[in-house]
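Here are the chains, one letter per residue:
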Amino acid sequence: MTGVALKPNELEAYWMPFSANRAFKARPRLFVAADGVHYRTDTGRQVLDATSGLYCVNAGHGRRRIVDAIKEAAERLDFAPPFQYAQPQVFELANRLALLAPGDLNHVMLATSGSEAVETAMKVALAYHRAKGEGQRTKFIGRERAYHGVGFGGIAVGGIPANRKAFGAMLPGTDHLPSTYDRAHQAFSVGEPAWGAHLADELNRLIALHDASNIAAVIVEPTAGSTGCLPPPQGYLERLVEIAGHHGILVIFDEVITGFGRLGHAFAAERYGLVPDLITFAKGVTNGSVPMSGVLLRDQIYRTVCDGEDAPAGAPPRHLPELFHGYTYSGHPLATAAALATLDVYRDEALFERTREREAAFAERMMSLQGLPNVADIRPIGLMCGIDLHCIENRPGQRGYRAIETSFHELDLYVRVALDTLILAPPLIATDDELDAMTERVAETIRRVQ
Ligand code: PLP
């Protein structure tokens, strides 16, 4: 399929997610095909993909092995009921994910979106404490500027004001750590900034306020992604995990973006030598090809809820589900096949190791943008980078929207923009020349929106 003729009135029916609908429909941006690090538009232009779709196409677009696996699954088994029945590949996938995860995160639950993974992790945390006889542990600690998807739990622990303000009480009983970002102390840091580890101590303040015995879990993105790529200060995550562990508070790393190579490891937890209690993942698990997400969790959590270990009430009856939770599409055959093929590609092409080796060169390219008009900060880590542009006075997001239009219509570049921040996350397969081209086009975008 190449040309797609759409008239403006044919765009009206679809209410686009997280989009400026009216502006888009006045001047649409349409992708009809993709290959490698390029999209093709409805008018046949090749557009460089500087954000791996939406941080998910880590192995590049149109991977034959993944496409073939999906086709084979679609022809063989279109759907299998995931409740009380299963298809064999989900067990293979769970084992392979557990092998990739740190420590004893040996159990996996599956869902479809990152938002569902977050809700699942939060519910598992509640169920775990309840099974242990600590059902009063119901509060969750999130962080300012965090993004944990759009479920009521996720927006409640999330910290992006615009995502919260229209949605009432959300999930009651949450509180927030301060954001780890402080431009005055951290501007133009490469990787983890030196300043800010002490911000983890704020967890102690929240524990004093709410009492540890009431807190179920603390949830953080190892590097906050959607808010503009905020790497954790050196030592911050280590301190947070230590404090939470000391008080029996579960730690959830939301690795929906940082999982599957973005920071040079299967999971960012490994980069810091940490073992959180739960890890949420999505996006890169299927290279973005079929929706899939999930939660990895530690042995102790599974054994407590399912086997009744350390549970005052003992194990639940054998004929009943141990946890009343799940989705019609948990472990869908097409997604499972896509995930298995994706993991093969990551392994056979050593894409995580390759990312580690290229991190410094990528950072160098990003830092070369310092000094361009209105650039307020640049934050590279792994193969991801946030570039803040000064906002036009009293018009947050306007320069950013211009950057979206300019890069797409004039420079054949797709880059994710959140308000006035450009967020690059190139496919891990991008060549040096392709990274150079992305850097040049980002530079030109910045110049044109000054
Ligand atoms: N958690 C994090 C850290 C994310 O970055 C995202 C999406 O970008 C989500 C959760 C939500 O994922 P989804 O959009 O698949 O629901």
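### Focus: the overall build of the chain
Right, so step 1: What the chain contains, in helices and strands, is 16 helices and 15 strands.
Right, so step 2: Taking 450 residues into account, the globule formula puts the C-alpha radius of gyration at 22 Å, and the chain, at 22 Å, falls close to it.
Right, so step 3: Residues classed as buried in the chain amount to 54% of the 450 residues present.
Right, so step 4: Taking contacts inside the chain between residues at least 6 apart in sequence as the whole, the part at least 24 apart equals 73%.
Right, so step 5: When the accessible surface of the chain is summed, it comes to about 19,500 Å², and 53% of that surface belongs to carbon and sulfur atoms.

### Overview of the site of the ligand
Right, so step 1: If you check the shell around the ligand, you find S113, G114, S115, Y147, H148, G149, E221, S226, D254, V256, I257 and K283 and nothing else.
Right, so step 2: Between the ligand and the protein, one listed contact pairs a nitrogen atom with a side-chain N or O atom of D254 at 2.7 Å.
Right, so step 3: Protein chains shield 84% of the accessible area of the ligand, which is 390 Å² for the free molecule.
Right, so step 4: Classifying every residue of the shell around the ligand gives 3 nonpolar, 6 polar and 3 charged.

### Description of the packing of aromatic side chains
Geometry of an aromatic ring pair is reported as the spacing of the ring centres plus the angle between the planes.
Right, so step 1: Under the definition given, this model contains 10 aromatic pairs.
Right, so step 2: Judged by centre distance (6.2 Å) and plane angle (25°), the ring pair of F260 and Y346 falls under stacked. You can see F260 sitting in the loop between β8 (250-254) and α11 (268-271) and its partner Y346 sitting in helix α13 (residues 333-348), a full 86 residues away along the chain.
Right, so step 3: The exposure class assigned to F260 is buried, which follows from its relative accessible area of 1%.

### Here we look at the sheet that holds strand β1 (residues 31-35)
Right, so step 1: Pairing in this open sheet of 4 strands is mixed, and the strands run β1-β2-β3-β13 from one edge to the other. In the strand order of this sheet, the two ends are held by β1 and β13 (413-414), each with one partner.
Right, so step 2: As defined by bridge partners, strand β2 (residues 38-41) adjoins strand β3 (residues 46-49) across 3 bridges and the pair is classed as antiparallel. In the strand pairing of β3, H38 is matched with L48.
Right, so step 3: Across the sheet, helix α16 (residues 432-448) lies against β3 and β13, angled at about 95° from β3, the strand it touches most.

### Quick notes on the sheet that holds strand β7 (residues 215-220)
Hydrogen bonds along the backbone pair up the strands of a sheet, which may run parallel or antiparallel.
Right, so step 1: The mixed open sheet is built from 7 strands, whose spatial order is β4-β10-β9-β8-β7-β5-β6. If you trace the sheet from one side to the other, it starts and ends with β4 (107-111) and β6 (174-177), each paired once. Adjacent strand axes in the sheet meet at a mean angle of 20°, parallel and antiparallel pairs treated alike.
Right, so step 2: In this sheet, β6 lies alongside strand β5 (residues 139-143) in parallel orientation, the contact comprising 4 bridges. Along β6, the bridge assignment pairs I141 with D175.
Right, so step 3: Contacts from helix α10 (residues 236-246) reach β5, β6, β7 and β8, with the element oriented near 150° to β8.

### Quick word on the environment of L240
Right, so step 1: Position of L240 relative to the elements: it lies in helix α10.
Right, so step 2: Separated by 128 residues in the primary sequence, L240 and S368 have C-alpha atoms spaced 33 Å apart.
Right, so step 3: L240 has contacts with L177, A200, L203 and V220, leaving out every residue within four places of it along the chain.

### Description of the environment of A74
Right, so step 1: If you trace the backbone, A74 turns up in helix α3 (residues 64-76).
Right, so step 2: Among the residues examined, A74 registers a relative accessible area of 38% and is labelled partly exposed.
Right, so step 3: For the pair formed by A74 and E238, sequence separation is 164 residues and the distance between their alpha carbons is 43 Å.

### Remarks on the nonpolar core
Right, so step 1: Counting 93 residues, the largest nonpolar core has L177, F253, F260 and I387 as its most contacted members.
Right, so step 2: Here this core takes 10 residues from α13, the largest share from any one element.
Right, so step 3: Ignoring any residue separated from it by four or fewer positions in sequence, one finds F253 in contact with V220, P222, L237, V241, A269, L274, P276, L278, I279 and T280.
Right, so step 4: By size, the runner-up hydrophobic cluster in this structure holds 19 residues, among which are V118, A125, L297 and I301.

### What about the pattern of salt bridges?
Right, so step 1: Enumeration according to the criterion identifies 28 salt bridges in this entry.
Right, so step 2: Among the ionic pairs, D348 bridges to R347, the shortest N-O distance being 2.8 Å.
Right, so step 3: Overall, the relative accessible area of 44% leaves D348 in the partly exposed class.
Right, so step 4: Between D432 and R358 there is a salt bridge, with its nearest N and O atoms 3.1 Å apart. On the criterion of sequence distance, the pair formed by D432 in helix α16 and R358 in helix α14 (residues 351-367) is long-range, its members being 74 residues apart.
Right, so step 5: For D432, a relative accessible area of 41% corresponds to the partly exposed category.

### Points about unusual backbone geometry
The phi torsion of most residues other than glycine is negative, and most of the peptide bonds are trans.
Right, so step 1: With a phi angle near 55°, M170 is a residue other than glycine that sits in the positive phi range.
Right, so step 2: Residue placement: M170 occurs in the loop between α7 (161-164) and β6.
Right, so step 3: Although it is not a glycine, C229 sits at a positive phi angle of roughly 65°.
Right, so step 4: Positionally, C229 belongs in the loop between β7 and α10.
Right, so step 5: C229 gets classed as buried once you look at its relative accessible area, which sits at 0%.

### Here's the deal with the environment of N21
Right, so step 1: Position of N21 relative to the elements: it lies in helix α1 (residues 21-26).
Right, so step 2: In this structure, the C-alpha to C-alpha distance between N21 and L11, residues 10 residues apart in sequence, is 9.3 Å.
Right, so step 3: Every residue in contact with N21, bar those within four places of it in the chain, is listed here: Y14, W15 and M16.

Definitions and cut-offs
Residues numbered from 1 in each chain as written. Predicted model: local features only at pLDDT ≥ 70, side-chain atom pairs only at ≥ 80, totals over all residues. Heavy atoms only, no water. Helix = DSSP H or I, 4+ residues; strand = E, 2+ residues; numbered from the N terminus. Rg over C-alpha atoms; globule rule 2.2 N^0.38 Å. Buried < 20%, exposed > 50% of the residue type's maximum accessible area, 1.4 Å probe, protein only. Contact = heavy atoms within 4.5 Å. Areas by Shrake-Rupley, 256 points an atom, 1.4 Å probe, with all protein chains shown as cover. Near = heavy atom within 4 Å. Polar contact = N/O pair within 3.5 Å; in protein donor to acceptor, adjacent residues only side chain to side chain. Nonpolar A, V, L, I, M, F, W, Y, C, P; charged D, E, K, R; others polar. Phe/Tyr/Trp six-rings, centres within 6.5 Å; stacked < 30°, edge-to-face > 60°. Pairing = 2+ DSSP bridges. Axes fitted to C-alpha atoms, helices over the stretch in contact; angles between N-to-C directions. Core = buried A, V, L, I, M, F, W, Y, C linked by side-chain atoms within 4.5 Å. Salt bridge = Lys/Arg side-chain N within 4 Å of Asp/Glu carboxyl O.

Shape descriptors only; they carry no functional weight alone.
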